[in-house]
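# Descriptive structure summary
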Amino acid sequence: MLDISIIRDNPEKFDDALASRGAEAMSKQLLTLDEARRMAVSQAQELQTKRNETSKQIGRAKAAKDEDLATKLMDEVAKMKDQLQTAEESEREASLALENALAAVPNIPLEDIPVGTDENFNVEIRKVGAPTRIENPKQHFDIGEELGQMDFESAAKMSGSRFVVLQGQLARLERALASFMLDNHTEEFGYTEVVPPALVRDNAVFGTGQLPKFKEDLFRTEEGFWLIPTAEVPLSNLVREQILDAEDLPLRFTAYTPCFRSEAGSAGRDTRGMIRQHQFSKVELVSIVMPEDGADELERMTNCAETILQKLDLPYRVMMLCTGDMGFSARKTYDLEVWLPGQDNYREISSCSLCGDFQSRRMKTRFRHKGDKQTHFAYTLNGSGLAVGRTMVALLENYQDSDGRVYIPSALQPYMGGKTHIEVSA
């Protein structure tokens, strides 16, 4: 959520920033709501001040034994009580109207973000490794089905489209990838491993920006819980409504969880295979930092995700997302795109974002320096480190051979019981 003072101070710049994201100008609407809120606050404060002063006058009148004046003043205070309740209710309504309007406004891109409407305007920062060239490469779903260990048909019978059943060595490969990623992020990069809930309440998904605007992208239970679309939600909310000690920052969390997305609006896209599913697993990274450390932390987090790809020797590129392709809560985002020979293309495998204080305002997450009474909103960052299913896709396509086997990268072999290849089930 944005600070209304930013909009108040420079409404034209705010509208320009929204336009760069493909959103309509909103400064006039928001400032009208802000003015109504400020007037309501002022009226309530004036009434409260008048009531307090009148109460003091009652005391003085009684001290002077002027009962008639005291009675008159008490009648005025009684009337003001009703007026104050009305004014306070108007203040609450005006504040809620402004808050609801601000909740639907996306974050403001940093000034160095390329302006554009979609992924075609993203900018390549670097490319690591040459694209793997394979004669007549197969796509991952063909490889998995021929191995007899990737079953979309059985999944569809029990759950519908966009689900998969993994068996045997591919099931172990998913577990191996998650363990490999977690070990690297905790042991090499100092993240704290967390096992968070996969069901959360409204305030948790509101805090990270999925609600209220993107509820159609989520799954909800009959009891009112939301299935997490990413572990970013519970990991970020670990510091919800807290005042942190500045000396304890940065905080870095990682988790391997199932993730659930309705894939609203993606009809006809990636209908085969594991690229876009309703349920998938991911290792997530979340950082809570002081504002001055936000930019460096984004580079650090991106490097953590890149290291996984480098150790698996998978070709990839780093893209800076343009204004129109960034997520709702992001101010700056790097996407890591891995090379898939079967698609003859790069596809996203990680997205690392700096959110500034956008989420912390929604979660009421602040920090305070030792000896200082003033608090400040923390900066939050999140990233995939990596999407486990998509990493499996990349391994299958980049390490396939003409015999129908898939080579297991050396860094991953200890997690696969020393096996060097995934082969057809016996």
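Predicted, not measured: the structure shown is a model, and the values here were computed from it. (Residues numbered from 1 in each chain as written. Predicted model: local features only at pLDDT ≥ 70, side-chain atom pairs only at ≥ 80, totals over all residues. Heavy atoms only, no water.)

In this section: helix α12 (residues 388-398). Spacing of three or four residues puts side chains on the same side of an α-helix, whose turn is 3.6 residues. Buried residues dominate α12, accounting for 11 of its 11 residues. Turning to α12, its buried residues are V388, G389, R390, T391, M392, V393, A394, L395, L396, E397 and N398. (Buried < 20%, exposed > 50% of the residue type's maximum accessible area, 1.4 Å probe, protein only. Helix = DSSP H or I, 4+ residues; strand = E, 2+ residues; numbered from the N terminus.)

Turning our attention to the nonpolar core. As a rule of thumb, nonpolar side chains are buried together in soluble globular proteins. L173, L177, L309, L314, L386, L412 and I422 are the most contacted members of the largest nonpolar core, which has 58 residues in total. By residue number, the principal contributor to this core is helix α7 (residues 168-188), which donates 8 residues. Membership of the second largest hydrophobic core comes to 17 residues, among which are M1, I7, M26 and I108. (Core = buried A, V, L, I, M, F, W, Y, C linked by side-chain atoms within 4.5 Å.)

Tallying each qualifying case throughout the model produces 0 disulfides. Here C304 is not disulfide-linked; the sulfur of C352 is the nearest cysteine sulfur, at 8.4 Å. C304 gets classed as buried once you look at its relative accessible area, which sits at 0%. This cysteine, C355, is not joined by any disulfide, and C352 carries the nearest cysteine sulfur, 11 Å off. The class for C355 is buried, based on a relative accessible area of 1%. (Disulfide = S-S within 2.5 Å.)

This part covers the pairing of strand β10 (residues 279-289). Every other side chain in a regular strand lies on the same face of the sheet, so the side chains alternate between the two faces. With 9 of its 11 residues buried, β10 lies for the most part within the structure. Pairing between strand β9 (residues 251-260) and β10: 10 bridges, direction antiparallel. If you follow A255 over to β10, its bridge partner there is E284. As paired elements, β10 and strand β16 (residues 379-387) share 7 bridges and run antiparallel to each other. What sits directly across from S287, in β16, is L381. (Pairing = 2+ DSSP bridges.)

Sitting at the head of helix α6 (residues 152-159), D151 places a side-chain oxygen 3.1 Å from the backbone nitrogen of E153. Trailing α6 by a residue or two, G160 shows a phi angle of about 100°, which is positive. (Polar contact = N/O pair within 3.5 Å; in protein donor to acceptor, adjacent residues only side chain to side chain.)

An order of β1-β11-β12-β13-β16-β10-β9-β4 is seen for the 8 strands of this open sheet, with the pairing classed as mixed. Only two strands of the sheet have a single neighbouring strand rather than two, namely β1 (123-128) and β4 (192-193). In terms of strand pairing, strand β13 (residues 345-356) meets β16 through 4 bridges, oriented antiparallel. From the neighbouring strand, L354 faces β16, where its bridge partner is L381. Contacting β4, β9, β10 and β16, α7 runs over the sheet at an angle of about 165° to β9. Running over the sheet, α12 touches β9, β10, β12 (332-340), β13 and β16 and is turned about 35° from β16. (Contact = heavy atoms within 4.5 Å. Axes fitted to C-alpha atoms, helices over the stretch in contact; angles between N-to-C directions.)

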